[in-house]
Amino acid sequence: MATGQTEPTTNPASADAARESRRNDVRAALVRMHAATVLFGISGIFGKLCQCSAVVLVCGRALFAVAALGCLCLLRRDPPWRGLSRRDMAGLALSGVLLTLHFVTFFMGIKLGGVAVGTLGFACFPAFTAVFEGIAYHERPSRRELLCIGMVTLGLICLTPSFSLADTATHGLLWGVASAAVYGLVAIANRHFAGGMSGTHACWWQNTVIIVCLLPTAGPDLLRIVPLDWLWIACLGLLCTALAYSLYVGSLTALKARQAAVIITLEPVYAILAAWVLFADVPGPGILAGGSLILGAVALLNRK
């Protein structure tokens, strides 16, 4: 029986155009995510080039990041201090302190152990996150998580330059692992205090906390930094923090979290390739074996 109503029709051309637009958005997001991962990876290169201490480096990096992200927020008429709750402030303060420890230990690992060893030591942080989440939330680790923890442990054994604490490179690996453990705590803090704040705002506040933590110690030494070190620090703050984080956050509008996690896994690969090209730092068999185990474990953890 006729009702006088017509069935809605879909224009095939419009549907094809919409699908093509989504594919273009995903392709652009993948480019942004890989660019962000490269920038995150080469932060170790700039840290290696910089001759000042890890504490001074991290403080200077945060100064540039805060300035750049603050200008970006103001241009968007979206200041990061608007609408903060007490819960947000507590979470940002805690994560900022933990990030301070993470960055200092990470760059200590890079300076003592080299780019490959320090970066791969940090790359095992998802295993620490799984352990810490199990403790904090009384969640039993799954078989896959236990397998990944075993792979990371074996990978770190393969990475160890020597089993002597007199070896500076071994100290670098230990600092890298320490940075991974601290970053695991950062992940737990972010899960507990997760709110409606944007990633750019959170990054601005966390870097502000880093400055507050380190400036009393690093302040006098900042005045003695040579111009070339200021260049590397500016690259860290502007490229590897402000720009990288903006690209990372922007790509998440078109990518699934799982896709982003898998791409970020490539950060140590990009770092090692850059060190190979710039410093002729050829990875040995132990680094290749240990890195494969650690990155394989991280990729396995990221699978759904």
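From a predicted model like this one, the values you see are computed outputs, not experimental measurements.

J.: If you had to explain the environment of Ala260 to someone new, which residues and values would you point to?
T.: Its place among the elements puts Ala260 in helix H11 (residues 257-264). Ala260 sits 227 residues away from Met33 along the chain, and the two C-alpha atoms are 7.0 Å apart. Apart from residues lying up to four places away in sequence, Ala260 is in contact with Met33 and Leu252.

J.: Give a description of the packing of helix H5 (residues 115-123) against helix H13 (residues 285-302) that names residues and reports values.
T.: Look at H5 against H13: their axes get within 10 Å of each other, and the N-to-C directions meet at 25 degrees. Relative to H13, H5 is oriented roughly parallel. The element H5 and its partner H13 pack so that their crossing is left-handed. Contacts between H5 and H13 pair Ala116, Val117, Leu120 and Ala123 from the former with Ile287, Gly291, Ile294, Leu295 and Val298 from the latter. The residue makeup of the contact of H5 with H13, split by class, is eight nonpolar, one polar and no charged.

J.: Break down unusual backbone geometry for me, citing the residues and quoting the values.
T.: Positive phi, close to 55 degrees, is recorded for Arg77, a residue that is not glycine. Along the chain, Arg77 falls in the loop between helix H3 (54-75) and helix H4 (86-113). In this structure, Ala280 takes a positive phi of about 55 degrees despite not being glycine. Following the sequence through the fold, Ala280 ends up in the loop between helix H12 (267-279) and H13.

J.: Could you give an account of the environment of Asp167, naming the residues involved and the relevant values?
T.: Tracing the backbone shows Asp167 in the loop between helix H7 (143-159) and helix H8 (168-192). Considered as a pair, Asp167 and Gly113 are 54 residues apart in the sequence and their alpha carbons are 9.4 Å apart. Side chain to side chain, Asp167 and Ser162 meet in a polar contact 2.9 Å long.

J.: I'd like to hear about the packing of helix H9 (residues 199-222) against helix H10 (residues 227-251), residue by residue, with values.
T.: In contact at an axis separation of 11 Å, H9 and H10 are set at 165 degrees when each is read in the N-to-C sense. Considering their axes alone, H9 and H10 lie roughly antiparallel with respect to each other. Considering how the two elements wind past one another, H9 and H10 form a crossing that is right-handed. Between H9 and H10, the contacting residues are Gly199, Thr200, Cys203, Asn207 and Leu222 on the first element and Trp230, Thr241, Tyr245 and Val249 on the second. Across the contact of H9 with H10, the residue classes break down as five nonpolar, four polar and no charged.

Calculation notes
As a convention, each chain's residues are numbered from 1 in the sequence order in which they are written. Owing to the predicted nature of the model, reporting of local features is limited to residues with pLDDT of at least 70; listing and counting of side-chain atom pairs is limited to 80 or more, with chain, interface and lining totals taken over all residues. Neither water nor hydrogens contribute to the side-chain values; these are computed over all heavy atoms in the structure. Runs of E in the DSSP output that reach at least two residues are strands. Runs of H or I that reach at least four are helices, and both are numbered from the N terminus. Contacts are assigned to residue pairs that have any heavy atoms within 4.5 Å of one another. Think of each axis as a best-fit line through the C-alpha atoms, taken over the contacting stretch in the case of a helix, with angles from 0 to 180 degrees between the N-to-C directions. Throughout this description, any angle smaller than 35 degrees is read as roughly parallel, any larger than 145 degrees as roughly antiparallel, any in the 65 to 115 degree range as roughly perpendicular, and the remainder as oblique. Helix crossings are classified by the rotation of the near helix relative to the far one: an anticlockwise turn of less than a right angle makes the crossing left-handed, while a clockwise turn makes it right-handed. Throughout this entry, Asp, Glu, Lys and Arg are counted as charged residues, while Ala, Val, Leu, Ile, Met, Phe, Trp, Tyr, Cys and Pro are counted as nonpolar. The remaining residues, Gly among them, count as polar. Whenever two N or O atoms come within 3.5 Å, that pair is a polar contact, provided that in protein one can donate a hydrogen and the other can accept it, and provided that, for residues adjacent in sequence, both atoms are side-chain atoms.

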